[in-house]
Every structure is written in C-alpha cells, then in structure tokens.
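# Secondary and tertiary structure notes
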Amino acid sequence: VIGVSGLNASGKTSVCEFFLGKGYLVLSLSDAIRRELKARGTPESRQALIDAGNDMRIAHGPGILAQRTVDTLHINEDPLQHYVIDSVRHPSEVEALLDGVTSRGGRFCLVGVTAPSEQRYERLKSR
C-alpha cells in the first residue's frame, strides 16, 4: 500500500495515475467522507465534504479517514492487489495507515510529492 502526500497542486494525482497504469487500485481518503455523506443522505458538494470530514475528525480523531480506508482494503484476501491512497495529509493518517496495513500483514510506504511553488500556482489557476 502506497500513501501519497503533498501540497495542493503538487502532482499527487499524476503520481496516482502512474500507479493506476501499473495495476494499482487508487483510493482517496475523501472516499471515506463520500461514504459518510451517502449514509447521511447528504448531497455531495465541496462544502459538504469539508463539513463532514471535519465532523468525522472531531468525533473520531484525526486518523479516522485513514482508519475507514484501511477497513476497505482486502490485503489478506487478495495479496496480489496493490493500493495507492491519495491525499494523506495528517500524521495521524500516516500512523493509522501504517498500523492498519501492517496489522493485516501488508506493507506501507508513504510518498511525498513536491513541486515548485510557481508551478503549483499555475496549476491552481488553471483549475
């Protein structure tokens, strides 16, 4: 399992697309928030994602998105399936991923993605 971390517009999605091309299943910690919104019957919007994510962290701690993501992995059932997890941002998320993956017999590696601030700025402007 590879976690991908970096600032906005640093190129995290490009890294995930590279691994997708190598057969990895790409997940995002935001997927846990989307599942929560669906369970609540709340329509998905940027603000709803932010609010629900904050609610989840307040109620369950800063590693909750990673914990819920680990719960969706099938490490023991399909040892040949590899995963890349986008948007790892908080040290508690790294800890939850490391602990959750290794306790299931898997291995975890965190990749940090960087880009010059000028390049990140141009990417953000084009969004």
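Note that the structure is a prediction, hence the values are computed from the model and not measured. (Residues numbered from 1 in each chain as written. Predicted model: local features only at pLDDT ≥ 70, side-chain atom pairs only at ≥ 80, totals over all residues. Heavy atoms only, no water.)

## Details of the packing of helix α2 (residues 30-40) against helix α3 (residues 46-60)
The N-to-C vectors of α2 and α3 enclose an angle of 95 degrees; their axes lie 9 Å apart at closest approach. The angle between the axes of α2 and α3 places the two elements in the roughly perpendicular class. Within the contact between the two elements, α2 uses A32, I33, R34, E36, L37 and R40 and α3 uses A48, L49, A52, G53, D55 and M56. Looking at side-chain class alone, the contact of α2 with α3 contains seven nonpolar, one polar and four charged residues. (Axes fitted to C-alpha atoms, helices over the stretch in contact; angles between N-to-C directions. Helix = DSSP H or I, 4+ residues; strand = E, 2+ residues; numbered from the N terminus. Parallel < 35°, antiparallel > 145°, perpendicular 65-115°, else oblique. Contact = heavy atoms within 4.5 Å. Nonpolar A, V, L, I, M, F, W, Y, C, P; charged D, E, K, R; others polar.)

## Observations regarding unusual backbone geometry
Here A9, not a glycine, exhibits a phi torsion of approximately 65 degrees, which is positive. Residue position: A9 is located in the loop between β1 (2-6) and α1 (12-21). Exposure remark for A9: the relative accessible area of 3% places this residue in the buried category. Non-glycine residue S87 carries a positive phi angle of around 70 degrees. (Buried < 20%, exposed > 50% of the residue type's maximum accessible area, 1.4 Å probe, protein only.)

## Concerning the environment of H90
Along the polypeptide, H90 turns up in the loop between β3 (83-86) and α5 (91-103). For H90, a relative accessible area of 35% puts it in the partly exposed group. Separated by 18 residues in sequence, H90 and F108 have C-alpha atoms that sit 16 Å apart.

## Brief notes about the packing of aromatic side chains
Here the structure, examined in full by the defined rule, presents two aromatic pairs. Aromatic pair F18 and F19: ring centres 5.2 Å apart, planes at 80 degrees, arrangement edge-to-face. Taken together, F18, F19 and Y24 form an aromatic cluster joined through their ring pairs. (Phe/Tyr/Trp six-rings, centres within 6.5 Å; stacked < 30°, edge-to-face > 60°.)

## Quick notes on the pattern of salt bridges
Applying the stated criterion to the full structure yields seven salt bridges. Among the salt bridges present, the one from R34 reaches D31, with a minimum N-O distance of 3.4 Å. Of this pair, R34 and D31 both sit in helix α2, three residues apart, which is roughly one turn of the helix. On the accessibility criterion, R34 (33% relative accessible area) is partly exposed. Between E44 and R34 there is a salt bridge, with the nearest N and O atoms lying 3.1 Å from each other. Of this pair, E44 sits in the loop between α2 and α3 while R34 sits in helix α2, placing them 10 residues apart in sequence. Each of E36, R40, D55 and R68 takes part in salt bridges that share partners, so that together they form one network. (Salt bridge = Lys/Arg side-chain N within 4 Å of Asp/Glu carboxyl O.)

## A closer look at the nonpolar core
Note that soluble globular proteins tend to have their nonpolar side chains buried in a common cluster. Judged by nonpolar contacts, the single largest core of 23 residues is most densely connected at V1, I33, L65, L73, I85, L97 and V101. With near-sequence residues (within four places) excluded, V101 lies in contact with V1, V70, L73, I75, G106, R107 and F108. Formed by seven residues, the second largest nonpolar core is a distinct cluster that contains I2, C16, Y24 and V113. (Core = buried A, V, L, I, M, F, W, Y, C linked by side-chain atoms within 4.5 Å.)

## Describing the side chain of E93
By secondary structure assignment, the location of E93 is in helix α5. Of the buried charged residues, E93 lacks a salt bridge, with R57 as the closest side chain of opposite charge at 4.2 Å. Beyond its immediate stretch of four places on either side in the chain, E93 contacts L29, R57, P62, G63, L65, A66, S87 and V88. (Lys, Arg positive; Asp, Glu negative; His and termini not counted.)

Purely geometric stuff here, so don't read any function into it on its own.
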